[in-house]
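# A closer look at the structure
So you can see what is in the structure, the chains are spelled out below.
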Amino acid sequence: MNKIEWEIVANHLTGQATEEENKKLSDWLGESAENREFFERLSKMWQAESRAFPRLDTEGALRLVMSRIQGASTAHRLVTNRVPASSFRKPLRQFLAQPSFFRAAAVLAIAIGAFAVFTILRSNREVETTTITFAGVQTLQLPDGTRITFDIGSTFTYPKSFDGADAREVSLDGEAFFEVTRNEKLPFTVHANGGTVKVLGTSFAVRSWKSDENIIVAVKNGRVSFGPEMNNDTSKVVYLTENTMSKLSRRTAIPTPAENIDFSKSLSWMKREIYFQNTPVPEVLRQLERWYHVSIQTADSSMLHENITVFIGNKPLSENLDLLAVILGMKVVERADSVRFVPR
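Described below are features of the structure shown in this document. (Residues numbered from 1 in each chain as written. Predicted model: local features only at pLDDT ≥ 70, side-chain atom pairs only at ≥ 80, totals over all residues. Heavy atoms only, no water.)

## Comments concerning the overall build of the protein chain
When you go through the protein chain residue by residue, the secondary structure sums to 8 helices and 18 strands. Looking at the 344 residues of the protein chain, the share that counts as buried comes to 47%. Here the contacts in the protein chain between residues at least 6 apart in sequence split such that 52% fall between residues at least 24 apart. For the protein chain, the exposed surface amounts to about 17300 Å²; the carbon and sulfur share of it is 49%. (Helix = DSSP H or I, 4+ residues; strand = E, 2+ residues; numbered from the N terminus. Buried < 20%, exposed > 50% of the residue type's maximum accessible area, 1.4 Å probe, protein only. Contact = heavy atoms within 4.5 Å. Areas by Shrake-Rupley, 256 points an atom, 1.4 Å probe, with all protein chains shown as cover.)

Set out below in structure tokens:
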């Protein structure tokens, strides 16, 4: 499990995190299912203990931390030496010395105990995952029978087995169409670069490239829950049904209300076609780069701040470039493996 600053975690759970801290936490959660599982356990512990000890002070929290370190570190050493408890003591004391973080101190106290328990549990049940980056449009079937079709360049991480799990969790960077096998006892969750899609069994499409501003979810049938990755606020969750879609900005972490769509257009990328509506120019250019394996550059960076509406068809690259050049008021200079837009 990669490291995350405890102060960021504490600030988020206590509602004091800045936008930058929330972004760091979102990126960390998107790195692995292990990180998300730990954070979910920690959040539940925080909610339970904050109700029980609403006015816990820093001195009391420090005593609790030290007792948990001493109690947990012995058991921890019997299992693993990966994260010695002593490594937390100095920064922890420094952090608890700040009088404004009463609740944050409590979070850290809980975190140390949670981390020790979590590490022990993980050492006994390591989840083996597989990560694939697709060189072409390709379909993959998961152990539970779920089928997923991916666009070129998409990266997908999933466990080799769902046996013994309490949820089916996967991660996507890219674009994919999910046909999820229904299992009411084992929810299916897609972690998508700061967005989370949760279902029991349904068909839906997700567009979530790490480099793009927006995460888009469209539903073919069934019901889907869609919201930001770090979310304890139900007002930030939208529920999508047949032929509806929503868009979530990674900057604001707020999904748009469900809107009716023609779902077939959400899968046009399978035929190497895509309709961009009021879309940032860089997102359009990156899609062309993935499909045609070419580098696209611009001489005038101002065009990168524009939004355009355009249909990219299954045509030679030169035809799609000419269309973009007309829309942008630019001209195209092509080389062997690169393209450059320059002023007319």
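## Topic: the sheet that holds strand β18 (residues 338-343)
Ordered in space as β15-β18-β17, the 3 strands form an open sheet in which the pairing is mixed. Two strands bound the open sheet, and with one partner strand each, they are β15 (295-298) and β17 (330-334). Going across the sheet, the axis of each strand differs from the next one's by a mean of 25°, ignoring polarity. In this structure, β17 lies alongside β18, joined through 5 bridges in antiparallel fashion. Looking at β18, one finds that Lys331 is bridged to Val342. Packed on one face of the sheet, helix α7 (residues 281-292) meets β15 and β18 and runs near 150° to β15. (Pairing = 2+ DSSP bridges. Axes fitted to C-alpha atoms, helices over the stretch in contact; angles between N-to-C directions.)

## Regarding the side chain of Thr279
Tracing the chain through its elements places Thr279 in strand β14 (residues 274-280). Once residues within four sequence positions are removed from consideration, Thr279 is found in contact with Val284, Glu306, Asn307 and Ile308.

## Here's the deal with the pairing of strand β7 (residues 195-199)
Along β7, 4 of the 5 residues are buried, which leaves the element largely enclosed by surrounding structure. If you look at the hairpin formed by strand β6 (residues 188-192) and β7, you'll find 2 residues sitting between the two strands, and Asn193 has a positive phi there, around 55°. Two strands pair when backbone bridges link them, and β7 and strand β10 (residues 224-228) are joined in this way by 4 bridges, in the antiparallel orientation. Considered in β10, the bridge of Thr196 is made with Gly227.

## Considerations on unusual backbone geometry
Here the phi dihedral of Ala253 falls at roughly 60°; this positive angle occurs in a residue that is not glycine. Within the secondary structure, Ala253 sits in the loop between β12 (244-249) and β13 (259-260).

## Considering the nonpolar core
Burial of nonpolar side chains together is a common tendency in soluble globular proteins. Judged by nonpolar contacts, the single largest core of 30 residues is most densely connected at Ile296, Ile312, Leu324 and Phe341. At the level of secondary structure, the elements contributing two or more residues to this core comprise β14, α7, β16 (307-312), α8 (317-328) and β18. Here this core takes 6 residues from α7, the largest share from any one element. Sequence-distant contacts of Ile312, defined by excluding residues within four places in its chain, comprise Arg272, Glu273, Ile274, Phe276, Val284, Leu288, Trp291 and Asn320. In this structure, Phe162, Ala192, Val217 and Val219 belong to the second largest nonpolar core, which totals 29 residues. (Core = buried A, V, L, I, M, F, W, Y, C linked by side-chain atoms within 4.5 Å.)

## Things to note about the pattern of salt bridges
Applying the stated criterion across every chain yields a total of 9 salt bridges. Between Lys23 and Asp27 there is a salt bridge, with its nearest N and O atoms 2.7 Å apart. A residue pair is termed a helical-turn pair when its members lie 3 or 4 positions apart in one helix, as Lys23 and Asp27 do in helix α2 (residues 19-31) at 4 residues. Across the salt bridge formed by Asp144 and Arg168, the nearest N and O atoms sit 2.5 Å from each other. With Asp144 in the loop between β2 (138-141) and β3 (147-150) and Arg168 in strand β5 (residues 168-179), the pair connects residues that are 24 residues apart, well separated along the chain. Its relative accessible area of 22% is what places Asp144 among the partly exposed residues. Residue classification places Arg168 among the buried residues on the basis of a relative accessible area of 1%. The structure contains a network of salt bridges with shared partners spanning Glu175, Arg207, Asp212 and Arg286. (Salt bridge = Lys/Arg side-chain N within 4 Å of Asp/Glu carboxyl O.)

## Brief notes about helix α1 (residues 6-13)
Most of α1 is tucked away: 7 of the 8 residues are buried. Buried residues of α1: Trp6, Ile8, Val9, Ala10, Asn11, His12 and Leu13, and no others. Of the residues flanking the end of α1, it is Gly15, one or two places downstream, whose phi is positive at about 75°.

## A few points about the packing of aromatic side chains
Overall, the coordinates contain 7 aromatic pairs when judged by the stated rule. Pairing Phe134 with Phe150 gives two aromatic rings, centres 4.2 Å apart and planes at 10°, and the pair type is stacked. Taken together, the residues Phe134 in the loop between β1 (129-133) and β2 and Phe150 in strand β3 connect sequence positions 16 residues apart. Between Phe178 and Phe188 the ring centres are 6.2 Å apart and the planes differ by 65°, which places this aromatic pair in the edge-to-face class. Residue Phe178 is found in strand β5, and its partner Phe188 is found in strand β6; the two are separated by 10 residues along the sequence. Residue Phe188 is classed as buried on the basis of its relative accessible area of 0%. Members of the aromatic cluster, connected to one another through ring pairs, are Phe134, Phe150, Phe156, Tyr158, Phe178, Phe188 and Phe204. The side chain of Lys265 reaches across the aromatic face of Tyr275, ending 5.8 Å from its centre. Above the face of the Trp209 ring, Arg290 is positioned so that its terminal group lies 3.5 Å from the ring centre. (Phe/Tyr/Trp six-rings, centres within 6.5 Å; stacked < 30°, edge-to-face > 60°. Lys NZ or Arg CZ within 6 Å of the ring centre and 35° of its normal.)

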